[in-house]
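The residues making up each chain are set out below.
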Amino acid sequence: MDTILVVNAGSSSVKFQVFAVDNDGRLSRQIKGQVDGVGSRPRLRASGAAGDKLADRAYPIQNIQDVPAALRVAGEWLRDEQQVVPLAVGHRVVHGGPDYDRSVLVDHNVVSRLDRYSMLAPLHQPHNLAPIRSLLANFPSLPQVACFDTAFHRDHDDVADYYAIPRRLHAEGVRRYGFHGLSYEYIAKTLPKVAPEIASGRVIVAHLGSGASMCALRGGRSVESTMGFTALDGLPMGTRPGQIDPGVLLYLASTKGMSASEVQDFLYRECGLKGLSGISNDMRELQSSGEPEAAFAVEYFVYRAALNAGMLAAALQGVDAFVFTAGIGENSVSIRARIAERLGWLGVDLDPLENGRHAFQISRAGTTPVYVIPTDEELMIAQHTLSLLWSRYSSAKTREQVS
Ligand code: AMP
């Protein structure tokens, strides 16, 4: 069986999925797994296409001290116990910087270019690149593809991409990129199949998970995002603040004497729902807590989401439909209802029964359509990987025929 391996590596976990490729180039998910607790309590868990458990085992800490070791263990398990030897590996890479507006086959040169963007995504990029490096060293002929969270947003108009700072900084790469692009691309590709009447129109997609952002789509292309230079901007998130006056950071540096790396740590790990509630970064926990601080954090999230939707509606000059996706967007009936209630002025009116049963379309007839669409970033990565593999194969064939 031909397969594509998809890898999403974080600081203490490696998530992976295996897709089978049939003779017509169609992909079907076979295995979903992760090695988490890297460097603390490593554990490999995996399930099959139907959710059947394939593995759940703990490892001694010395066996899995870092992300490349986690990928090695997952790779050995896939090869030895599942007989999976992938044709290629697709990686989620958070930042493609100004250079990459699409996925790319990786070599050492590409990795060193991507490494330059590590400072733009310090909590993600180095961990995304570590398994690529280790596979390049150990399996140099295995094709690897980097798929970026920024790429889908790369053809924004300049007016959406610039900051109002001296232009030379834009040329250096200080500009608004936008993130969660693989998720938005999946939604944009799904809309023509499931809601063709609005797919070419103006759609606001809310990716509400532990990382959260919104994207304005016009005709299936991203024209605006709530995230910017880094994945800190826009909506409040589990541990990130979302939009914040840069004056607050100057205050922290000058009054509290915080260094750049302390401010960075603070912004990525201590803010958002966690900072506001002082209880948890997890929306479910906050909703089940009786503490007023938890209720305030939830209300803040709803308020800022609706505010940002208003901004994107202005970018689009109107809205033809909304889509909710990711952990909170796909699962929380009450958050969807509360955000929608604030968007009545845009013609939004949810049907509580349809919303309560997580229907595909949750809006009342005759109002602005609102959809719930589960995202699938891994499928996008597998598709990009397969299509680059295919174009490499086709150009090698052409070269063979010419020579
Ligand atoms: P993600 O990063 O997309 O996996 O989303 C994670 C977030 O989704 C966490 O804050 C979870 O608490 C939240 N979440 C998942 N299921 C629910 C639910 N049923 N109600 C509220 N929040 C949820």
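Conventions and cut-offs
Residues numbered from 1 in each chain as written. Predicted model: local features only at pLDDT ≥ 70, side-chain atom pairs only at ≥ 80, totals over all residues. Heavy atoms only, no water. Near = heavy atom within 4 Å. Polar contact = N/O pair within 3.5 Å; in protein donor to acceptor, adjacent residues only side chain to side chain. Areas by Shrake-Rupley, 256 points an atom, 1.4 Å probe, with all protein chains shown as cover. Helix = DSSP H or I, 4+ residues; strand = E, 2+ residues; numbered from the N terminus. Nonpolar A, V, L, I, M, F, W, Y, C, P; charged D, E, K, R; others polar. Salt bridge = Lys/Arg side-chain N within 4 Å of Asp/Glu carboxyl O. Buried < 20%, exposed > 50% of the residue type's maximum accessible area, 1.4 Å probe, protein only. Pairing = 2+ DSSP bridges. Axes fitted to C-alpha atoms, helices over the stretch in contact; angles between N-to-C directions. Contact = heavy atoms within 4.5 Å. Core = buried A, V, L, I, M, F, W, Y, C linked by side-chain atoms within 4.5 Å. Phe/Tyr/Trp six-rings, centres within 6.5 Å; stacked < 30°, edge-to-face > 60°.

### Description of the site of the ligand
Looking at the ligand, the residues that line it are Gly209, Ser210, Asp282, Met283, Arg284, Gln287, Ala326, Gly327, Ile328, Asn331 and Ser332. At a separation of 2.8 Å, an oxygen atom of the ligand approaches a polar side-chain atom of serine 210. Taking 510 Å² as the accessible area of the ligand by itself, protein coverage stands at 72%. For the shell around the ligand, the secondary-structure elements that each account for two or more residues are α11 (283–288) and α13 (326–331). In terms of residue count, the dominant contributor to the shell around the ligand is α13 (4 residues). Taken together, the residues that form the shell around the ligand break down as 3 nonpolar, 6 polar and 2 charged.

### Looking at the pattern of salt bridges
For the structure on display, the rule yields 24 salt bridges. A salt bridge links aspartate 36 to arginine 45; the shortest N-O distance between them is 3.3 Å. A residue is classified by how much of its surface remains accessible, and arginine 45, at 37% relative accessible area, is partly exposed. Where arginine 92 meets aspartate 149, a salt bridge forms, and the shortest distance between an N and an O atom there is 2.9 Å.

### Re the sheet that holds strand β9 (residues 202–208)
The strand order β11-β10-β9-β12-β13 describes an open sheet built from 5 strands, whose pairing is mixed. Edge positions in the sheet fall to β11 (221–225) and β13 (370–372), since each has one partner strand and no second. Sheet twist, expressed as the mean angle between neighbouring strand axes with direction ignored, is 25 degrees. Sheet topology places strand β12 (residues 321–325) next to β13; 3 bridges connect them, and they run parallel. Across the sheet, residue phenylalanine 324 finds its bridge partner in β13, namely valine 372. Together, β9, β10 (212–218), β11 and β12 form the strand contacts of helix α12 (residues 292–316), whose direction differs from that of β10 by roughly 20 degrees.

### Comments concerning the sheet that holds strand β2 (residues 14–21)
Sheet architecture is open: 8 strands sit in the order β5-β4-β3-β2-β1-β6-β8-β7, paired in mixed fashion. The open sheet has two edge strands with one neighbour each: β5 (53–58) and β7 (104–105). Here strand β3 (residues 27–36) runs beside strand β4 (residues 43–48); their pairing, made up of 6 bridges, is antiparallel. Of the residues in β4, the one forming a bridge with lysine 32 is serine 47. Lying over the sheet, helix α1 (residues 67–82) contacts β1 (2–9), β2, β3, β4 and β5, oriented at roughly 35 degrees with respect to β2. Sheet strands in contact with helix α3 (residues 125–138) are β1, β6 (88–93) and β8 (144–148), and its direction is about 160 degrees off that of β6.

### Considerations on the nonpolar core
Counting residues in each nonpolar core, the largest one holds 58 residues, and the members touching the most others are Leu114, Leu208 and Phe322. Looking at this core element by element, the count peaks at 11 residues for α12.

### Some thoughts on the pairing of β2
Each regular strand carries side chains that alternate between the two faces of the sheet. When you tally the buried positions in β2, you get 7 out of 8 residues, the bulk of the element. With 8 bridges connecting them, β1 and β2 associate as antiparallel partners. Of the residues in β2, the one forming a bridge with alanine 9 is valine 14. Counting the residues that bridge the hairpin from β2 to β3 gives 5 residues, and of these glycine 25 lies at a positive phi of roughly 80 degrees.

### Examining the environment of isoleucine 381
With respect to the secondary-structure elements, isoleucine 381 resides in helix α16 (residues 377–402). The spacing of isoleucine 381 and valine 21 is 360 residues in sequence and 13 Å in space, taken between C-alpha atoms. If sequence neighbours within four positions are ignored, isoleucine 381 has contacts with Val6, Gly90, His91, Arg92, Cys147 and Leu182.

### A closer look at the packing of aromatic side chains
A complete count under the given rule lists 5 aromatic pairs for this structure. Where tyrosine 100 meets phenylalanine 148, the ring centres are 5.3 Å apart and the plane angle is 20 degrees; that geometry is what we call stacked. You can see tyrosine 100 sitting in the loop between β6 and β7 and its partner phenylalanine 148 sitting in strand β8, a full 48 residues away along the chain. Classification of tyrosine 100 by relative accessible area gives buried; the value is 10%.

### What about the pairing of β12?
With 5 of 5 residues buried, β12 is to be regarded as a mostly interior element. A two-sided burial pattern is seen for β12, the buried positions comprising Ala321, Val323 and Thr325 on one face and Phe322 and Phe324 on the other. In this sheet, β12 lies alongside β9 in parallel orientation, the contact comprising 5 bridges. Residue pairing in the sheet places histidine 207 in a bridge with threonine 325 of β12.

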